[in-house]
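Read off the chains here:
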Amino acid sequence: MPSDADDLIRRKDEHIDHVLAGRGRAAVGPGLDAVRFVHEALPDLDHDAIDLSTRFLGRPLALPFLISSMTGGPSRAEAINARLAEAAQTLGLALAVGSQRVALETNGGHGLDDGLRRRAPDALILANLGAVQFARGYGLDHARRAVEMIGADALILHLNPLQEAVQPEGDRDWRGVAAGIEAVAAAFPGRLVVKETGAGLSGAAARRLADMGVAALDVAGAGGTNWGLIEGARQIGGRAEAVAAPFAGWGVPTARSLIDCARAAPELELIGSGGVRDGLDAARAIRLGARLVGQAAGVLDAALTSTEAVIDHFEVLATQLRLACFCTGSPDLTALAQAPLLDDPRF
């Protein structure tokens, strides 16, 4: 009879398959197209000298990109994690691993062990657990183990109420989640990131999380993968699919989420993710207040191919981001964050 861990592993593999098939594509866009820069026809810049470096949680990064959390069953997770770690090391990116719940409950494996740090000795690595687990028996020891098993620099707790509520096996009792986040934040000062998983964060939620002591937020807005639809796709023709269907456009679009979170909690560092397609979208997210820009589904095909494919993918994004800086007269990302925008009735 399959164990709970076996069921969880199978579910993670199904998630990858449905993402690759495009079954979780949100019915709403991320809103980034509404961000239109004023073109600078006379940039007084050396294009090749534009500085794309940044800092996040006190750590320097060569590029402002986060390889966002992705995972899968053991047949693919180890290779995916190895390739992502090698690319992060080569390019100076940040790397967030997928949920470590399986690894914790099966004593490691799936590429989530000290081998990850050996592949990326200098990269900023973020561990990852579901926030709801801290209302269902997880404690600070689980958080510390997740960080230590991969030599991570910081920890992400992810919020996924839509997904959990649609998922037949999901956790629907979220009482105590906020208290759990606050306890972890106190134990990891300056090292806790909270992220949504595709439905975005409101300004009110950002303010609550800032007051709990978190250091950074990943807005993970609507416009990318909708995990309610992914759970529905696991039961084609079943109740979960019917329940999820009207929520295809649910959530706060990425652009709006960045604006609202930056206004509500200006002291927090923000990651812009959710439907980011290219380096121009990355520039738009930075203009709205993001310190880093994350991609998960957008880099999944490359991650399933090779380390070189992942490196090439992010080099293209960096080239596009540099071009956006050049054509706005921005010598660095600080200047890009203040670049003038065209008036737009939607923005």
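Structure report, in brief. (Residues numbered from 1 in each chain as written. Predicted model: local features only at pLDDT ≥ 70, side-chain atom pairs only at ≥ 80, totals over all residues. Heavy atoms only, no water.)

1. Quick word on the side chain of Ser 273
Note on placement: Ser 273 falls in the loop between β9 (269–272) and α12 (279–287). Engagement of the side chain of Ser 273 in a polar contact is seen with the side chain of Asp 218, the distance being 2.6 Å. Non-local contacts of Ser 273, meaning those with residues more than four positions away in its chain, are made with Ser 68, Asp 218, Val 219, Ala 220, Gly 221, Thr 254 and Gly 294. (Helix = DSSP H or I, 4+ residues; strand = E, 2+ residues; numbered from the N terminus. Polar contact = N/O pair within 3.5 Å; in protein donor to acceptor, adjacent residues only side chain to side chain. Contact = heavy atoms within 4.5 Å.)

2. Points about the packing of aromatic side chains
To describe a pair of aromatic rings, you give the distance between the ring centres and the angle between the ring planes. Going through the model one piece at a time under the given rule, you end up with 3 aromatic pairs. For the pair Phe 65 and Phe 314, a centre-to-centre distance of 5.8 Å together with 40° between the ring planes defines the contact as tilted. Here Phe 314 lies in helix α14 (residues 307–326) and Phe 65 lies in strand β3 (residues 65–67), a separation of 249 residues in the sequence. Neither Phe 65 nor Phe 314 differs from the other in exposure class; each is buried. Each ring, one from Phe 134 and one from Tyr 138, has its centre 5.8 Å from the other, and the planes form 85°; the classification is edge-to-face. (Phe/Tyr/Trp six-rings, centres within 6.5 Å; stacked < 30°, edge-to-face > 60°. Buried < 20%, exposed > 50% of the residue type's maximum accessible area, 1.4 Å probe, protein only.)

3. What to know about the layout of surface pockets
The calculated volume of the second largest pocket comes to roughly 410 Å³. At the level of elements, β9, α12 and α15 (333–336) are the ones that each hand at least two residues to the lining of the second largest pocket. Of the residues contributing to the lining of the second largest pocket, the split by class is 10 nonpolar, 5 polar and 6 charged. (1 Å grid on protein atoms, 1.4 Å probe; cavity = no way out; pocket = protein on both sides within 12 Å on 5 of 7 lines; lining within 4 Å. Points joined across faces, edges and corners; volume = space filled by probe spheres on them. Nonpolar A, V, L, I, M, F, W, Y, C, P; charged D, E, K, R; others polar.)

4. Structural notes on the nonpolar core
In this structure, Phe 65 and Ile 181 are the most contacted members of the largest nonpolar core, which totals 85 residues. The leading source of residues in this core is α14, at 8 residues. Non-local contacts of Phe 65, meaning those with residues more than four positions away in its chain, are made with Leu 93, Ala 94, Ala 282, Leu 292, Val 293, Phe 314, Leu 317, Ala 318 and Leu 321. If you look at the next biggest cluster of nonpolar residues, it comprises 13 residues, including Phe 56, Leu 126, Ile 156 and Ile 271. (Core = buried A, V, L, I, M, F, W, Y, C linked by side-chain atoms within 4.5 Å.)

5. A few points about the sheet that holds strand β4 (residues 94–96)
Backbone hydrogen bonds are what pair the strands of a sheet, in a parallel or an antiparallel way. Read once around its circumference, the closed barrel built from 8 strands follows the order β3-β4-β5-β6-β7-β8-β9-β10, with strand pairing classed as parallel. Taken over all neighbouring pairs, the strand axes of this sheet differ in orientation by 25° on average, direction set aside. Sheet analysis places strand β7 (residues 192–196) next to strand β8 (residues 216–218), joined by 3 bridges and oriented parallel. Residue Val 193 lies in a different strand from β8, and its bridge partner there is Ala 216. Sheet strands in contact with helix α5 (residues 140–150) are β5 (124–130) and β6 (154–159), and its direction is about 145° off that of β5. (Pairing = 2+ DSSP bridges. Axes fitted to C-alpha atoms, helices over the stretch in contact; angles between N-to-C directions.)

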